[in-house]
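Architecture and fold: a report
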Amino acid sequence: MAVNTTPESPLHVGEVSRLIGGWIDRLGAVWVEGQITQLSRRPGAGVVFLTLRDPSYDISVSVTCYRQVFDAVADVVTEGARVVVLAKPEWYAPRGQLSLRATEIKPVGVGELLARLEMLKKALAAEGLFAPERKKPLPFLPQLIGLVCGRASAAERDVLENARHRWPAVRFEVRNVAVQGVHAVPQVVQAVKELDDIDDVDVIIVARGGGSVEDLLPFSDEQLVRAVASCRTPVVSAIGHEPDNPLLDHVADLRASTPTDAAKKVVPDVGEEYERVRMLRDRARRCVEAFVEREERGLAHALARPSIEDPHRMIDERADHVASLLDRGRRCLGHHLDRAESELTHTHARVVALSPAATLKRGYAVLQRADGHVVRDPAEVTADEALRARVAEGEFSVRVDASVDAQADA
């Protein structure tokens, strides 16, 4: 229940502390999971002091327990171990301090961790964070690479040396963070966000060497997975060795088996690229040379054709043929003209021989009556009838003698 107070009637600090303690007592015993960050076992002391931390939210709480409670798990529980404790919240009124009084401590085994990771993996996959279509392609040649790794670690050395050996001009923006323990998750998340906010960073590599399942737990943390999923910059996961498979591998845009493998996949090898360029150049040269040779052969074949090699040959051949036909035509026409001329001469001779003019030239005359009728019979004329006599050289008039009738009658 809320307490009504005013500036005129405030509560005393002791009263507030007492009320807080009463509210906390109502919570009762609860099971709490966390990671032990500090462990204090003073010789001869009957109480063990621990600090239990939640790496995902960067929250810690003090835990106390009797020595016999901790001795039951002392052989398997050390600083950095994940445990589940059954504890009752306690409020220490004089200092205003909250702590947990543990009555039972259970280490979280590898099997339990893997089972929880599998459940988290399925939940995140159901949200689509691991979908292939979300993966962003890596740039061919990154100019600036963001690197998140442990300080002076083998992973940092492997990435830097291999990348610069492959492409000496590559540059790095390095963020050294804790890669295991209670501070790993918040530091890695912060480093990834910082690098993602830098516009010049083309790709981010999160690298760590090998380790146990517990050592690699920070890279399966839900907070880190979601932070990587929200990055606009491609992220490469290079955690542990080939068999290691933290959840970061599934959400990252590219998974590398080792930090060295990450350097090889992110940075192209200058020697290999030079060789590839040389091969492509040689291939292009061969293609061009083959094309030119093919065209030269085609051109040579075309030039070898008679019509191209001697273009006037066909004209000359046709000219001779035309001349031959012209001469033949002339001969044929001459023969036809000669024959026609001979036939015309003979016909003319026959016509001349048969013409009346030829008969008249032989001394004959043609008598015509006044109407132009030719006289063929003496009975056709009468005495004293005027006739026209036509001879070879002309014509003249004649008159029929009266004796003609007598001769006709006789």
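The paragraphs below set out a description of the structure included in this document. (Residues numbered from 1 in each chain as written. Predicted model: local features only at pLDDT ≥ 70, side-chain atom pairs only at ≥ 80, totals over all residues. Heavy atoms only, no water.)

**Some thoughts on a negative patch on the surface**
A cluster of acidic residues, E309, D310, D316 and D320, forms a negative patch on the protein surface. Take D310: its relative accessible area is 36%, and that puts it in the partly exposed class. (Patch = residues over 30% accessible without salt bridge, like charges linked within 9 Å, V, L, I, M, F, W, Y side chains within 5 Å. Areas by Shrake-Rupley, 256 points an atom, 1.4 Å probe, with all protein chains shown as cover. Salt bridge = Lys/Arg side-chain N within 4 Å of Asp/Glu carboxyl O. Lys, Arg positive; Asp, Glu negative; His and termini not counted. Charge placed at Lys NZ, Arg CZ, Asp CG, Glu CD. Buried < 20%, exposed > 50% of the residue type's maximum accessible area, 1.4 Å probe, protein only.)

**Focus on the sheet that holds strand β4 (residues 82-92)**
Spatial ordering of the closed barrel is given by β1-β2-β3-β5-β4, a layout of five strands whose pairing is mixed. Adjacent strand axes in the sheet meet at a mean angle of 55 degrees when their direction is disregarded. Here eight bridges tie strand β2 (residues 47-54) to strand β3 (residues 59-66), and the two strands are oriented antiparallel to one another. Considered in β3, the bridge of F49 is made with T64. Taken strand by strand, helix α1 (residues 13-25) contacts β4 and β5 (97-107), and its axis lies near 140 degrees from that of β4. (Pairing = 2+ DSSP bridges. Helix = DSSP H or I, 4+ residues; strand = E, 2+ residues; numbered from the N terminus. Axes fitted to C-alpha atoms, helices over the stretch in contact; angles between N-to-C directions. Contact = heavy atoms within 4.5 Å.)

**Focus on the nonpolar core**
V148, V188, V206, F219 and V251 are the most contacted members of the largest nonpolar core, which has 30 residues in total. Looking at this core, the elements with two or more residues in it are α3 (110-126), β6 (144-149), α5 (184-196), β8 (203-208), α6 (222-229), β9 (235-239) and α7 (247-251). The element that contributes the greatest number of residues to this core is α5, accounting for six residues. Those residues in contact with F219 that lie beyond four places of it in its chain are V179, V188, V206, R208, L224, I239, P246, L247 and L248. L147, V170, F172 and A256 belong to the second-largest nonpolar core, a separate cluster that totals 20 residues. (Core = buried A, V, L, I, M, F, W, Y, C linked by side-chain atoms within 4.5 Å.)

**Side note on the side chain of S237**
Within the element layout of this structure, S237 appears in strand β9. Among the residues examined, S237 registers a relative accessible area of 0% and is labelled buried. In terms of polar contacts, S237 uses its side chain to reach the side chain of D249, at 2.4 Å. (Polar contact = N/O pair within 3.5 Å; in protein donor to acceptor, adjacent residues only side chain to side chain.)

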